[in-house]
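Chains, contacts and geometry: an overview
Here's the letter readout for the chains.
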Amino acid sequence: MIVENEHCNAAGTLRDAGLSQTTQRMAVLTVIIEANGPLSASEILNRTDSRQKINKVTVYRILSSLKEHRIIRELPTDQGMNLYEMACRHNPIHPHFYCKTCRSMSCLPPLTLSQAMDWFASPNAFRIDDVHVNLNGMCRQCRERV
């Protein structure tokens, strides 16, 4: 659900987080920034430049680091697979729809949850590390095939 025509800059995002700008980290983060929705680690690996010397283990290590620095969000699915998306001002917290049939995840419009997060972020409030609002079911394309 990235805001149209607005994206984070991979180099600037890594620099602001105090992370080095390795070519592999830049490649993974660029894929996530340019994605139209949440991606799995395999999808991220498949979308990286084939000239990059990067494997699935490296992708998972980079994703873990990006998550630890709150650059990305990890979205669990009921299949035990996680999907990843940017966690930035261009992509505020929002609900997702997960199709149990084709295993695709779609971003839904932000709800008042983002406003609640602002309230929780006040100096005297709680510290919230993750919020997940997922709706699970069957997408229209899968329903039409049944």
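A quick note: this is a predicted structure, and the numbers were derived from the prediction, not measured.

Procedures and definitions
Residues numbered from 1 in each chain as written. Predicted model: local features only at pLDDT ≥ 70, side-chain atom pairs only at ≥ 80, totals over all residues. Heavy atoms only, no water. Pairing = 2+ DSSP bridges. Helix = DSSP H or I, 4+ residues; strand = E, 2+ residues; numbered from the N terminus. Axes fitted to C-alpha atoms, helices over the stretch in contact; angles between N-to-C directions. Contact = heavy atoms within 4.5 Å. Core = buried A, V, L, I, M, F, W, Y, C linked by side-chain atoms within 4.5 Å. Buried < 20%, exposed > 50% of the residue type's maximum accessible area, 1.4 Å probe, protein only. Salt bridge = Lys/Arg side-chain N within 4 Å of Asp/Glu carboxyl O.

1. A word on the sheet that holds strand β4 (residues 96–99)
- Taken in spatial order, the three strands make up an open sheet running β5-β4-β6, and their pairing is mixed. At either end of the open sheet lies a strand with only one pairing partner, and these are β5 (105–107) and β6 (134–137). Averaged over all adjacent pairs, the angle separating strand axes in this sheet is 20°, with direction ignored.
- The pairing of β4 with β6 spans four bridges and is classified as parallel.

2. Here's the deal with the environment of R70
- In this fold, R70 is placed in the loop between α4 (56–68) and β2 (72–76).
- A C-alpha to C-alpha distance of 6.7 Å links R70 and A87, two positions 17 residues apart in sequence.

3. A few points about the sheet that holds β2
- Taken together, three strands build an open sheet; the order of strands is β1-β3-β2 and the sheet is antiparallel. This sheet does not close on itself; its edge strands, each paired only once, are β1 (39–40) and β2.
- In this sheet, strand β3 (residues 82–86) lies alongside β2 in antiparallel orientation, the contact comprising five bridges. Its bridge partner lying in β3, I72 is registered against M86.
- Taken strand by strand, helix α2 (residues 23–34) contacts β1, β2 and β3, and its axis lies near 80° from that of β3.
- In this fold α4 packs onto β2 and β3, with an angle of close to 110° to the strand it touches most, β2.

4. Concerning the nonpolar core
- Residues V28, I44, L63, L66 and M86 are the most contacted members of the largest nonpolar core, which totals 23 residues.
- Elements with a minimum of two residues in this core: α1 (10–17), α2, α3 (41–47), α4 and β3.
- It is α2 that contributes the most residues to this core, five residues altogether.
- Every residue in contact with V28, bar those within four places of it in the chain, is listed here: I44, T48, I54, V59, I62, L63 and L66.

5. Brief notes about the pattern of salt bridges
- By the definition in use, this model includes two salt bridges.
- A salt bridge links K67 to E74; its shortest N-O distance comes to 2.9 Å.
- On the basis of relative accessibility, which here comes to 21%, the residue E74 falls in the partly exposed class.
- A salt bridge links E85 to R73, with the nearest nitrogen and oxygen atoms 3.1 Å apart. Of this pair, E85 sits in strand β3 while R73 sits in strand β2, and the two are twelve residues apart along the sequence.
- The class of E85 is buried, set by a relative accessible area of 4%.
- The class of R73 is buried, set by a relative accessible area of 13%.

6. Focus on the pairing of β3
- Most of β3 is tucked away: four of the five residues are buried.
- With two bridges joining them, β1 and β3 adopt antiparallel strand pairing. Counted as the bridge partner of L39 is Y84 from β3.
- Between β2 and β3, which pair antiparallel and follow one another directly, the connecting turn spans five residues, one of which, G80, has a positive phi of 85°.

Remember, this is a structural readout, not a statement about activity or role.
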